[in-house]
Amino acid sequence: MLWTTMELIDPRWFIVISLSSIVFAVMSSMVLSRRMLFLAGSLPHSALLSALLSIIIERTLGLPSQVGSLIMSVALISLFSLMISRGLKTDVATAIFLSMTVSLTAISLYYILTKFPIAGSVWSYLVGDPLLVTWEDVIYTTIISSITLIMIIPFLKEHALIGIDRDFAKLSGVKVSFYDAIAVISLAIGVVGMLRVVGFILEHVMILLPGVIAASIARSYRSFLIYAFIISLMGGLGGLALSIMTSLAPSGCIGLLMLSFYILAIRRGR
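Parameters and conventions
Residues numbered from 1 in each chain as written. Predicted model: local features only at pLDDT ≥ 70, side-chain atom pairs only at ≥ 80, totals over all residues. Heavy atoms only, no water. Helix = DSSP H or I, 4+ residues; strand = E, 2+ residues; numbered from the N terminus. Phe/Tyr/Trp six-rings, centres within 6.5 Å; stacked < 30°, edge-to-face > 60°. Buried < 20%, exposed > 50% of the residue type's maximum accessible area, 1.4 Å probe, protein only. Expected span 1.5 Å × (residues − 1). Patch = residues over 30% accessible without salt bridge, like charges linked within 9 Å, V, L, I, M, F, W, Y side chains within 5 Å. Areas by Shrake-Rupley, 256 points an atom, 1.4 Å probe, with all protein chains shown as cover. Salt bridge = Lys/Arg side-chain N within 4 Å of Asp/Glu carboxyl O. Core = buried A, V, L, I, M, F, W, Y, C linked by side-chain atoms within 4.5 Å. Contact = heavy atoms within 4.5 Å. 1 Å grid on protein atoms, 1.4 Å probe; cavity = no way out; pocket = protein on both sides within 12 Å on 5 of 7 lines; lining within 4 Å. Points joined across faces, edges and corners; volume = space filled by probe spheres on them. Nonpolar A, V, L, I, M, F, W, Y, C, P; charged D, E, K, R; others polar.

**Student:** Residue-level account of unusual backbone geometry, with values.
**Tutor:** With phi around 60°, Ser247 is a residue other than glycine that occupies positive phi space. Among the secondary structure elements, Ser247 is positioned in the loop between helix H13 (221–246) and helix H14 (250–269).

Take a look at the structure:
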């Protein structure tokens, strides 16, 4: 029985889950360092909207949905950055941004379900399904992961400094506006790029919990980054293994495993 199960395991599942776990570990570390939890929680909504709009564009203009979703995601997050640059407080801008994306998502989803017979594709964006990925999806995930990691990892120290004291960072010569743009654009690319792998629902967990759990047990910034990486990778691969053994949804298994890590971290902290 075990041998039969091993024969059915596809390496593509572990590749995309490993890549997405690494990307979410890095994004979650930056989000917590920059104190951007509210914005990060709303980003999956913009990613889902971008994916839905890209389906409409693909069906009407012929532009590939993966390219269209990235363009739409960067455009939406640029709108958020524009609101911040015009003087709106981050929480106010996030509330406006979230209200807009949720409303447009409902309209786009209704339009797609009534005009195009592709309910299955929409469903995969909502719950995610790494067990259905193709080698083209693996290549796409690899490219998106590489871009996101290159945009975040070299600047983690600057993000941490800005998160600790934004005014001091400015006085120290740190180009805060540049790192703000890098942060939001990299988040937009990473979140929309991983939407099909983990799904809209699980992205809320993966973009927040690795950093939150790591922060509760780490004693230095370096250990914080290491813990976030380990926790995210263990949650992703462990959830995938649990899904294979129980025949349950991978995103649900990963989410429950991450939640158990969080509970254990809280108990350890106490």
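**Student:** Run through the packing of aromatic side chains, naming residues and quoting values.
**Tutor:** With the rule as written, the count across this model stands at four aromatic pairs. Plain terms: the ring middles of Phe155 and Phe178 are 6.2 Å apart, the flat faces sit at 85° to each other, and that makes the pair edge-to-face. Of the two residues, Phe155 sits in the loop between helix H7 (135–152) and helix H8 (156–164) while Phe178 sits in helix H10 (residues 176–193), which places them 23 residues apart along the sequence. For Phe155, a relative accessible area of 21% corresponds to the partly exposed category. Relative to Phe224, the ring of Tyr221 has its centre 5.7 Å away and its plane inclined at 35°; by these criteria the two rings are tilted. With Tyr221 and Phe224 both in helix H13 and three residues apart, this pair spans about one turn of that helix. Three or more aromatic residues link up through ring pairs in this structure, and these residues are Phe155, Phe178 and Tyr179.

**Student:** Describe the environment of Leu61, and please don't skip the residues or the numbers.
**Tutor:** Inspection of the secondary structure assignment puts Leu61 in helix H3 (residues 37–61). Of the residues examined, Leu61 reaches a relative accessible area of 71% and is grouped as exposed. Leu61 sits 48 residues away from Leu109 along the chain, and the two C-alpha atoms are 18 Å apart.

**Student:** I'd love a proper account of H10, names of residues and values included.
**Tutor:** The terminal C-alpha atoms of H10 lie 25 Å apart, and with 18 residues this matches the ideal 26 Å at 1.5 Å per residue to within 8%. Burial of H10 is extensive: 14 of the 18 residues sit out of reach of the surface.

**Student:** Please give an account of a nonpolar patch on the surface that cites residues and values.
**Tutor:** On the surface, Ile226, Phe229, Ile230 and Met234 cluster together to form a nonpolar patch covering roughly 350 Å² of accessible area. For Phe229, the position within the fold is in helix H13. Judged by relative accessible area, which is 36%, Phe229 ranks as partly exposed.

**Student:** How would you summarise the nonpolar core if you had to cite specific residues and measurements?
**Tutor:** In a soluble, globular protein the nonpolar side chains are often hidden away together inside. With 65 residues, the main nonpolar core has Leu187 and Met258 as its most contacted residues. Apart from the residues lying within four places of it in its own chain, the contact partners of Met258 are Val205, Met206, Leu209, Pro210, Ile213, Ile231 and Gly235. The next biggest cluster of nonpolar side chains, apart from the first, holds five residues, and it includes Ile162, Ala169, Val174 and Tyr179.

**Student:** Give a description of the layout of surface pockets that names residues and reports values.
**Tutor:** Here the largest pocket defines a volume of roughly 450 Å³. Taken together, 17 residues line the largest pocket, and the ones lying closest to its centre are Arg34, Ile84, Thr90, Arg166 and Asp180. When residues of the lining of the largest pocket are traced back to their parent elements, those giving at least two are helix H4 (65–85), H8 and H10. Of the residues forming the lining of the largest pocket, the biggest block, five residues, is contributed by H10. Here the residues of the lining of the largest pocket are counted per class, giving eight nonpolar, five polar and four charged.

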